[in-house]
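Here is how the chains run, residue by residue.
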Number of protein chains: 2
Amino acid sequence: MPKIVNHEERKRKVAEACWRVIQKKGIEQATVREIAKEAKMSVGSMRHYFSSQKDLFIFSMQLVMDHVHERIKKLPLSGPPIKDAMQVLSQVLPIDAERRLEMEVWFLFTSKALNDPDLKKKSDEMDDELYQACRLIIEHLTVAADWKQETERLYALVDGLAVHAIMRPGRLHPDLLLSVLENHLKVIGQNV
Amino acid sequence: MPKIVNHEERKRKVAEACWRVIQKKGIEQATVREIAKEAKMSVGSMRHYFSSQKDLFIFSMQLVMDHVHERIKKLPLSGPPIKDAMQVLSQVLPIDAERRLEMEVWFLFTSKALNDPDLKKKSDEMDDELYQACRLIIEHLTVAADWKQETERLYALVDGLAVHAIMRPGRLHPDLLLSVLENHLKVIGQNV
DNA sequence: CTTTATTTAATACATTTGTATCATAAACAA
DNA sequence: TTGTTTATGATACAAATGTATTAAATAAAG
């Protein structure tokens, strides 16, 4: 009956356009008009896929989470613990253009989430998952009794490195970032 | 000649009102009208102190930096290196209401700075200072050859802990935050 | 071809926003 | 008092923004 269009696929295309606008102009300039322009459609047409700007933002956050999940799922793990941990954590670090876009966008959504309960819910989801991932890594790497402390330390290090690499890519480039993280894991592995 | 008003003092009062609005409603809702209301003056009157919203934002960022500087300057240092380091780093960690307000506001300014060159300049100033502070701490605590790596690690840990304490205060409360940081410094102090 | 459901897009509208204008008030100097 | 400078705040205005409305185009089914 209708026009031949893959609805979900179109939604993802719009969300990716939303990402690009946020990266290029910031979240305050991520207006429905700017996003529609980037997606090469009209505002009215875009509204057929997202009934409100907030719907689009939440979908765009979920799409970041989905991409991270997919990359981690595809990883050929069960090698050395430190190597596996590096592979997993690299999926949330801005070490190439693709991850950088997603992490910059996520960073801006996170800041907006501080004063937006709907976005905060999604932000907390991701946060809980990353915390648990760090917890598992710590449990596999060490037998330290204070796993809570070590988990917070690893998780804070990962997010801190991500933010610094986003803000100061000239100082904290991908190679340095990865070596800092790997050395941390090595020290942890020798028991703290 | 004029009305009896301390111009600089008034500017600081407005900037602090700006902080409170940003914390309560987010940076997108930190409009000139909201800030004027919080400062208990009219928009026109506020414009007498700041000719534009951007001027107010940059002054408000500078005021955060000033407060951090003042607190550090007042510290009675030259005790044990780890204790001194903790005292200094605590000034940029959200461990009480005052610091939490400043760090939340700074966090939001930082995210806005990603797409605003004027704010980015101020953000980079603070960033450079904190990096150098971490560098000094590392140099005093260890003789490790890789001071660049250790500086990035400490700095990322500090900022990561700050962001997590802001986003998830229920999980990462001030006591846990401080103990994670202190243990890190202790391990560093034993040479890495 | 006709019908029907979906997609597209132009236009409108009420709000909000930053900034500008202008008149008034206040305090000190002459 | 008179004059001058600073402070205050009401009002105005153009631009931007999220959302709603409405009509047209498209593709498949009858």
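The structure displayed is predicted, hence computed values, not measured ones.

Trainee: Please explain the interface of chain B and chain A as it appears in this structure.
Mentor: By a frequent convention, interface size equals the accessible area lost on bringing the separate parts together. Facing the 42 residues of chain B at the interface are 42 residues of chain A. Summed over both partners, the interface of chain B with chain A buries about 3,700 Å², with 58% contributed by carbon and sulfur atoms. At the boundary of chain B with chain A, the tally comes to twelve salt bridges. Between Arg168(B) and Asp124(A) there is a salt bridge, with the nearest N and O atoms lying 3.5 Å from each other. Counting across the interface, chain B meets chain A through 28 residue pairs in polar contact (both at pLDDT 80 or more). Contributing elements (two or more residues each) for the side of chain B that touches chain A: helix H1 (7-25), helix H6 (97-113), helix H7 (117-141), helix H8 (147-167) and helix H9 (174-189) of chain B. Ranked by the residues each element gives to the side of chain B that touches chain A, the list is headed by H8(B), at twelve residues.

Trainee: Could you clarify how one ought to interpret the packing of helix H5 (residues 81-89) of chain A against helix H7 (residues 117-141) of chain A in this entry?
Mentor: How two helices pack is summed up by the angle between their axes together with the distance between the axes. Residue and element names in this part refer to chain A. Running from N to C, H5 and H7 cross one another at 170°; their axes reach a closest spacing of 10 Å. In this view, H5 runs roughly antiparallel relative to H7, as classed from their interaxial angle. Two secondary-structure elements touch here, H5 through Pro 81, Ile 82, Ala 85 and Leu 89 and H7 through Cys 134, Ile 137 and Leu 141. For the contact of H5 with H7, the residue count by class is seven nonpolar, no polar and no charged.

Trainee: Any chance you could explain unusual backbone geometry here in plain terms?
Mentor: Excluding glycine, most residues fall at negative phi; most peptide bonds, likewise, are trans. All names here are of chain A. Here the phi dihedral of Ser 78 falls at roughly 60°; this positive angle occurs in a residue that is not glycine. With respect to the secondary-structure elements, Ser 78 resides in the loop between helix H4 (53-73) and H5. The class for Ser 78 is exposed, based on a relative accessible area of 69%.

Trainee: Quick question: what am I supposed to make of the relation of the copies chain B and chain A here?
Mentor: Note on the chain copies: they are related by a rotation about an axis and a translation along it. Superposition of chain B onto chain A requires a rotation of 180° combined with a translation of 0.0 Å along the rotation axis, giving an RMSD of 0.0 Å. Both copies of the chain, as the preceding transformation shows, are related through a two-fold rotation axis. Both copies contact each other with a shared surface, as 100% of the interface residues of chain B are interface residues in chain A too.

Trainee: How do you make sense of the environment of Arg47(A) when you look at a structure like this?
Mentor: Residues and elements named next belong to chain A. Looking at the secondary structure, you find Arg 47 in helix H3 (residues 43-47). Linking Arg 47 and Ser 60, residues 13 residues apart in sequence, is a C-alpha distance of 15 Å. Engagement of the side chain of Arg 47 in a polar contact is seen with the backbone oxygen of Ser 51, the distance being 2.7 Å.

Trainee: Please explain the nonpolar core as it appears in this structure.
Mentor: Nonpolar side chains in soluble globular proteins tend to be buried together. Judged by nonpolar contacts, the single largest core of 127 residues is most densely connected at Ile35(A), Leu154(A), Leu181(A), Ile35(B), Leu154(B) and Leu181(B). Setting aside residues up to four positions removed in sequence, Leu154(B) forms contacts with Leu89(B), Cys134(B), Ile137(B), Ile138(B), Leu181(B), His184(B) and Leu185(B).

Trainee: Would you take a moment to explain the environment of Glu102(A) for this structure?
Mentor: Residues and elements named next belong to chain A. Here Glu 102 shows up in helix H6 (residues 97-113). Since its relative accessible area comes to 1%, Glu 102 is described here as buried. When the C-alpha positions of Glu 102 and Val 92 are compared, they lie 8.4 Å apart, and in sequence the two are ten residues distant.

Trainee: For this particular structure, what's the right way to read the pattern of salt bridges?
Mentor: Close approach of charged atoms allows side chains with opposite charge to pair. Evaluated as defined, the whole model comprises 44 salt bridges over all chains. The shortest N-O distance in the salt bridge between Glu9(A) and Lys13(A) comes to 3.9 Å. One end of the pair is Glu9(A) and the other is Lys13(A), both in helix H1 (residues 7-25) and four residues apart, which spans about a single turn. With a relative accessible area of 31%, Glu9(A) lands in the partly exposed category. Between Asp127(B) and Arg171(A) there is a salt bridge, and its shortest N-O distance comes to 2.8 Å. Remark: Arg171(A) occurs in the loop between helix H8 (147-167) and helix H9 (174-189) and Asp127(B) occurs in helix H7; the pair is interchain, linking two chains. The exposure class assigned to Asp127(B) is buried, which follows from its relative accessible area of 9%.

Trainee: Help me understand the packing of aromatic side chains, please; the structure alone is not making it clear to me.
Mentor: Each pair of aromatic rings is reported with the distance of its centres and the angle of its planes. Applying the stated criterion to the full structure yields five aromatic pairs over all chains. One residue, Arg135(A), lies across the ring of Trp147(A), its end atom 4.0 Å from the ring centre.

Trainee: What is the right way to look at H8(A) in this model?
Mentor: What sets the pattern is the α-helix's 3.6 residues per turn: residues three or four places apart point alike. With 21 residues, H8(A) should reach 30 Å at 1.5 Å per residue; the first-to-last C-alpha distance of 30 Å fits that figure. Counting buried positions along H8(A) yields 19 of 21 residues, so the element is predominantly enclosed.

Parameters and conventions
- Residues numbered from 1 in each chain as written.
- Chains lettered and ligands numbered in written order.
- Predicted model: local features only at pLDDT ≥ 70, side-chain atom pairs only at ≥ 80, totals over all residues.
- Heavy atoms only, no water.
- Contact = heavy atoms within 4.5 Å.
- Buried area = accessible area lost by both parts, 1.4 Å probe.
- Salt bridge = Lys/Arg side-chain N within 4 Å of Asp/Glu carboxyl O.
- Polar contact = N/O pair within 3.5 Å; in protein donor to acceptor, adjacent residues only side chain to side chain.
- Helix = DSSP H or I, 4+ residues; strand = E, 2+ residues; numbered from the N terminus.
- Axes fitted to C-alpha atoms, helices over the stretch in contact; angles between N-to-C directions.
- Parallel < 35°, antiparallel > 145°, perpendicular 65-115°, else oblique.
- Nonpolar A, V, L, I, M, F, W, Y, C, P; charged D, E, K, R; others polar.
- Buried < 20%, exposed > 50% of the residue type's maximum accessible area, 1.4 Å probe, protein only.
- Least-squares fit on C-alpha atoms with pLDDT ≥ 70 in both.
- Core = buried A, V, L, I, M, F, W, Y, C linked by side-chain atoms within 4.5 Å.
- Phe/Tyr/Trp six-rings, centres within 6.5 Å; stacked < 30°, edge-to-face > 60°.
- Lys NZ or Arg CZ within 6 Å of the ring centre and 35° of its normal.
- Expected span 1.5 Å × (residues − 1).

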